[in-house]
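# Coordinate analysis (summary)
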Amino acid sequence: MEETTEADDGDQDRDRSRDRHRGKGRPVGTELESAITGLLDRRRSGATICPSEAARAVDPDGWRDLMEPARTAARRLVDAGRVEIVQSGRVVDPSTARGPIRIRRVPDRAAGPVERHTRPSRRPVERRAG
């Protein structure tokens, strides 16, 4: 029989926490997918979120342990055609993306190009002498 150490117990508990979040009975991946889509629903068209936002929404105290599961949940949503993963504003292949990523809804092709918000230009105001 294999001996279990306290460190092993902590790892096992963390793994169980990833599988089922805080006794809610829902797999954490499902919670993360719901968090991603919910956060995007509350943003303007074309806006992005960071996977950490979804992880924090699911577990504000243990969100760091959910970072890789959040990226995995985003990849599942990419496979389902619901979101895109972007880096530096460009869509990237989620299986090869390394480093920081952002998640955004797949643009509605019927609605035309993704809405872009730019700052209004600051033109000097002409003052009349007077």
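What counts as what
Residues numbered from 1 in each chain as written. Predicted model: local features only at pLDDT ≥ 70, side-chain atom pairs only at ≥ 80, totals over all residues. Heavy atoms only, no water. Axes fitted to C-alpha atoms, helices over the stretch in contact; angles between N-to-C directions. Helix = DSSP H or I, 4+ residues; strand = E, 2+ residues; numbered from the N terminus. Parallel < 35°, antiparallel > 145°, perpendicular 65-115°, else oblique. Left-handed = near helix turned anticlockwise from the far one by under 90°. Contact = heavy atoms within 4.5 Å. pLDDT = per-residue confidence, 0-100. Salt bridge = Lys/Arg side-chain N within 4 Å of Asp/Glu carboxyl O. Buried < 20%, exposed > 50% of the residue type's maximum accessible area, 1.4 Å probe, protein only. Pairing = 2+ DSSP bridges. Core = buried A, V, L, I, M, F, W, Y, C linked by side-chain atoms within 4.5 Å.

What follows concerns the packing of helix H2 (residues 28–41) against helix H4 (residues 67–79). For the pair H2 and H4, interaxial distance at closest approach is 9 Å and the crossing angle is 70 degrees. By the angle between their directions, the pair H2 and H4 is classed as roughly perpendicular. As H2 packs across H4, the resulting crossing turns out to be right-handed. Contact with H2, carried on its side by Gly29, Thr30, Leu32, Glu33, Ile36 and Thr37, involves Pro69, Ala70, Ala73, Ala74, Arg76 and Leu77 of H4 and no other residues of that element.

A word on the confidence of the model for the chain. Here the chain shows a mean pLDDT of 79. Residues at 70 or above account for 64%. Every residue in residues 1–18 is under pLDDT 50, and counting partners more than four places away or in other chains gives 8 contacts. Scored below 50 in pLDDT, residues 114–121 shows 6 contacts in the model against residues more than four places distant or in partner chains.

All right, on to the pattern of salt bridges then. For the coordinates displayed, the defined rule picks out 5 salt bridges. Here arginine 43 makes a salt bridge to glutamate 53, at a shortest N to O gap of 2.5 Å. One end of the pair, arginine 43, is in the loop between H2 and strand E1 (48–49); the other, glutamate 53, is in helix H3 (residues 51–58), and 10 residues separate them in sequence. The partner of glutamate 84 in a salt bridge is arginine 104, and the shortest N-O contact between them spans 2.7 Å. Within this pair, whereas glutamate 84 is found in strand E2 (residues 83–87), its partner arginine 104 is found in strand E4 (residues 102–105), the two being separated by 20 residues in sequence. A relative accessible area of 10% places arginine 104 in the buried class.

Looking now at the sheet that holds strand E3 (residues 90–91). Sheets are built from strands that pair by backbone hydrogen bonding, the pairs being arranged parallel or antiparallel. Spatially, 4 strands are ordered E1-E4-E2-E3 in an open sheet, and the strand pairing comes out antiparallel. Each end of this open sheet is capped by a strand with a single partner; those strands are E1 and E3. Two elements, E2 and E4, share 4 bridges in a ladder whose sense is antiparallel. Bridging across to E4, valine 83 finds its partner in arginine 105. Those strands touched by H2 are E1, E2 and E4, and its axis lies near 65 degrees from that of E4.

We now examine the nonpolar core. Grouped together as the largest cluster of nonpolar side chains are 21 residues, with contacts concentrated most on Leu32, Ile36, Leu40, Ile49, Ala54, Val58 and Ile103. At the level of secondary structure, the elements contributing two or more residues to this core comprise H2, H3, H4 and E2. With 6 residues, the top contributor of residues to this core is H2. The residues touching isoleucine 49, leaving out its near neighbours within four places in the chain, are Ile36, Leu39, Leu40, Arg43, Arg102 and Ile103.

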